[in-house]
Amino acid sequence: MPGNAVDAVATEKTRDQIMAEREAKKLAKQAKKHKTAPTPTAATPAVLTTPAAPATKIITEVEQTTITTKLTTTTTTKVQDAVASKTTQPAAVNGKDVEAGEKTREQIKAEREAKKAAKKAGKGGGAKVEGITQQLADLKVAEKAPVAASAAPSTTEADQEKKKPALSKAERRAIQEAQRAAKAQVQTKKAQSAAKAPPSSAPKEPKLKSVSPTKAATISSPGKCPASTPNVDCRVKLFNHLVCAKEDSQFINDPLVHPSIARLGVQYAKRTVVGSNARCIAFLHALRQVVYDFETPAKKEFGRSLDAAVKHHVDHLHKCRPLAVSVSNAYKQFKNQLTQLPADVPETELKELLVHFIDTYIENQIGKAAQAISGFLQEKITDGDVLLTFACSSLIQFICEEAKRRQVAFRVIVVDSRPGCEGQELLRRLHATGIPCTYVLINAVGYVMAEATKVLLGAHALLANGYVMARTGTAQVALVANAHNVPVLVCCETHKFSERFQTDAIVYNELSDPNQLVRGDKCQLSNWAAKGKLLPLNLSYDITPPELVSAVVTEVAILPCTSVPVILRIKPDIGY
């Protein structure tokens, strides 16, 4: 019983000694890191009597305790083996008894050594742990002082070695930022050279990019208004998202663009081809030429490669001028046809199918649709009617010529407005066919509206909510006609119907050239760019609400404006 108690005390004390040994090892590792002289921990056990090395005493005591623990573990295992051998072999030989006696002697020696170590540990008691911790603290202070005094440069070098990876990351980041800044400068220089901006405005562009990226995007994007930088701030923010006309000097030859598409883009930009139907027909003719001249790349599919090429051409046209709704719908129908091309068919036959689709689209959607609309309106036009129209519409011209061919006695009032004055072209065409006409500007529409019996208006597009998108001034004419109780008929083919909803002319519109508003040198707007805070606004289209429209005449039937979603839903079924 007393022997077991002593063993328990010895095992409890050895835990504290193990903790002290671990702390001593940590200190030794720190001393090695600082590249100092060998510590006194490497001294031999014979130096125990020297009072100047307290750490060596701790380490030697720990070594002794480890030895005693090893001996106790070996003795316990041997005792267990001996007990097991005695139980299994009760009738032992005399030689074996002698060996058992020798083992017991070794066990006795081990127990004596363990008791001595336990007595030494018991004399110190709880104060021994505090003494060990104090010795360790003294050892830490003693090690820090010489390291700080003698190895100061080595620590700075070590710190520098540690800080090297952090500095390299910062340097890499700085290099990346410098490269990005250099790329941004190169892009700004390219934009300046393309726009032929003066050199004084060059340092202002990076500031715009850093402060407001949206403004910089509107300036640098190819489809936005090429106004000079001092006029950007004075521009009305309500119309910043609208696309402006481009100058001829900004067109760059693209080797991937077909010559017919490049020619059409210039015609769009210079407004030599105007009108929804005219723009759609010109686009389809150019597209047919692209299909004829297209060659499928090696190991590529005809349909997919042609679709990518046509998309690039359409993007080029959009940069020249925003696409009309009729052109967008024609492009959607062409893409749908590309997806339905049969497989395992020669390329020549596929091209013939696409060309046939383009020809039938022009014939059905524009030619036959105009004839159907004219047929519906011929029943409404009688002798003595006075038809009032606005601007120039090819469909209105066709209807009037058809009525003249039927020998109906009527006359036409052409209302026009600046700056386009497109009504003059309609006046010239109608006068050439012998139709009596009257030409007035829009400021006099209130005087002539009382003479009109019907108002026929063309349309750029008919929106899904029933609003009519047409040339600027159409809404004013419809408003005056509504005030005079004159029926307003909008003539529009179904290929101009759009799924977009819009209730004003601000969300989506097109900005024409502001210089068109300047009539001459005596005009107040002359040299407006030099005045700094002045930018004329020239909108291309306006929105007419369905309350001002009596009916919409389509090739399907004469319908109210609210029937647009129905036509959009049944259009694929009826073959249009």
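If you look the protein chain up in an unreviewed UniProt entry, it shows as Translation initiation factor eIF2B subunit delta from Drosophila mauritiana. Of the comments in the UniProt record for the protein chain, the one headed Subcellular location (unreviewed entry) reads "Cytoplasm, Cytosol". Check the Sequence similarities (unreviewed entry) section of the UniProt entry for the protein chain; it says "Belongs to the eIF-2B alpha/beta/delta subunits family."

(A) Structural detail: the overall build of the protein chain. If you tally the helices and strands in the protein chain, you get 18 helices and 10 strands. For the protein chain, the residues scored as buried account for 36% of the 576 residues in total. Partitioning the intrachain contacts of the protein chain with sequence separation of at least 6 by distance along the chain shows that 77% fall at a separation of at least 24. Counting every atom, the protein chain has about 34000 Å² of accessible surface; 57% of that belongs to carbon and sulfur.

(B) Molecular detail of a positive patch on the surface. Together, R105, K109, R112, K115, K116 and K119 line one region of the surface with positive charge. Mapped onto the elements, K109 comes out in helix α3 (residues 94-124).

(C) The arrangement of the side chain of K496 in detail. Counting through the fold element by element, K496 comes out in the loop between β7 (488-491) and β8 (541-544). By relative accessible area, which is 5% here, K496 ends up buried. Within the local environment of K496, its side chain forms a polar contact with the backbone oxygen of A459, the two atoms lying 3.3 Å apart. Excluding residues that lie within four positions of it along the chain, K496 makes contacts with S276, N277, V325, S326, N329, A459, H460, A461 and L462.

(D) Structural context of the pattern of salt bridges. Applying the stated rule across the entire model yields 15 salt bridges. Residue R288 pairs with D359 through a salt bridge whose shortest N-O separation is 2.5 Å. Linking R288 in helix α10 (residues 276-293) with D359 in helix α13 (residues 347-378), this pair joins segments that are 71 residues apart in sequence. With relative accessibility at 21%, the residue R288 sits in the partly exposed group. Salt-bridge contacts for R411 lead to E451; the nearest nitrogen and oxygen are separated by 2.9 Å. One end of the pair, R411, is in strand β2 (residues 410-416); the other, E451, is in the loop between α16 (445-448) and β4 (454-457), and 40 residues separate them in sequence. Using a relative accessible area of 28% as the deciding quantity, one classes R411 as partly exposed. Connected via shared salt-bridge partners are R271, R321 and E510.

(E) Spotlight on helix α15 (residues 423-432). Those residues of α15 that fall on the buried side of the exposure criterion are G423, L426 and L430. For α15, the buried positions fall inside an angular range of 60 degrees around the axis, keeping them on one side. Facing away from the buried surface of α15 by more than 90 degrees, the exposed residues are R428, H431 and A432. On its buried face, α15 sits against β1 (385-390), α14 (394-405), β2 and β3 (437-441).

(F) Region of interest: the sheet that holds β1. Read from one edge of the open sheet, seven strands run β3-β2-β1-β4-β7-β9-β10, paired in mixed fashion. Strands with a single pairing partner mark the edges of an open sheet, and in this sheet they are β3 and β10 (558-559). Relative to β2, β1 is paired through six bridges, and the arrangement is parallel. Looking across to β2, one finds that F390 is bridged to V415. Contacts from helix α17 (residues 474-483) reach β1, β4 and β7, with the element oriented near 165 degrees to β4.

(G) Just the confidence of the model for the protein chain, in detail. Put simply, the protein chain has an average pLDDT of 76, and 67% of its residues get 70 or more. The least confident element of the protein chain is helix α7 (residues 213-220), whose mean pLDDT is 36; the most confident is β7, at 98. For residues 1-11, every residue scores under 50 in pLDDT, and the model assigns this stretch three contacts once sequence neighbours within four places are set aside.

(H) Quick look at the sheet that holds β8. Taken in spatial order, the three strands make up an open sheet running β5-β6-β8, and their pairing is antiparallel. In the strand order of this sheet, the two ends are held by β5 (461-462) and β8, each with one partner. Relative to strand β6 (residues 468-471), β5 runs antiparallel, the two sharing two bridges. Within β6, the residue paired with A461 across the bridge is M469.

(I) The arrangement of the packing of α10 against α13 in detail. Where α10 meets α13, the closest approach of the two axes is 9 Å, and the angle between their N-to-C directions is 170 degrees. With respect to α13, the element α10 is oriented roughly antiparallel. Residue-level contacts link N277, C280, I281, L284, H285, L287, R288, V291 and Y292 of α10 to K351, L354, V355, I358, D359, Y361, I362 and I366 of α13.

(J) View of the packing of aromatic side chains. Counted under the stated rule, the structure contains two aromatic pairs. Between F294 and F302, the ring centres sit 5.9 Å apart and the planes meet at 65 degrees, which makes this aromatic pair edge-to-face. Using a relative accessible area of 7% as the deciding quantity, one classes F302 as buried. With a centroid separation of 6.1 Å and an interplanar angle of 45 degrees, the aromatic rings of F357 and Y361 are classed as tilted. In this pair, F357 and Y361 both sit in helix α13, four residues apart, roughly one turn of the helix. An identical accessibility class is assigned to F357 and Y361; each is buried. Sitting over the ring of Y268, R279 keeps its end group 5.3 Å from the ring centre.

(K) Representation of unusual backbone geometry in the model. With an omega dihedral of 5 degrees, the bond running from R418 to P419 counts as a cis peptide bond. Take P419: it is sitting in the loop between β2 and α15. Even without glycine at this site, K299 takes up a positive phi of about 60 degrees. Examined against the element boundaries, K299 turns out to sit in the loop between α10 and α11 (302-320). Unlike most non-glycine residues, A391 shows phi in positive territory, near 60 degrees. What makes A391 buried here is its relative accessible area of 5%.

Quick notes on the rules
Residues numbered from 1 in each chain as written. Predicted model: local features only at pLDDT ≥ 70, side-chain atom pairs only at ≥ 80, totals over all residues. Heavy atoms only, no water. UniProt positions renumbered as here; feature names shortened; annotations may be inferred. Helix = DSSP H or I, 4+ residues; strand = E, 2+ residues; numbered from the N terminus. Buried < 20%, exposed > 50% of the residue type's maximum accessible area, 1.4 Å probe, protein only. Contact = heavy atoms within 4.5 Å. Areas by Shrake-Rupley, 256 points an atom, 1.4 Å probe, with all protein chains shown as cover. Patch = residues over 30% accessible without salt bridge, like charges linked within 9 Å, V, L, I, M, F, W, Y side chains within 5 Å. Salt bridge = Lys/Arg side-chain N within 4 Å of Asp/Glu carboxyl O. Lys, Arg positive; Asp, Glu negative; His and termini not counted. Charge placed at Lys NZ, Arg CZ, Asp CG, Glu CD. Polar contact = N/O pair within 3.5 Å; in protein donor to acceptor, adjacent residues only side chain to side chain. Arc of directions from axis to C-beta. Pairing = 2+ DSSP bridges. Axes fitted to C-alpha atoms, helices over the stretch in contact; angles between N-to-C directions. pLDDT = per-residue confidence, 0-100. Parallel < 35°, antiparallel > 145°, perpendicular 65-115°, else oblique. Phe/Tyr/Trp six-rings, centres within 6.5 Å; stacked < 30°, edge-to-face > 60°. Lys NZ or Arg CZ within 6 Å of the ring centre and 35° of its normal.

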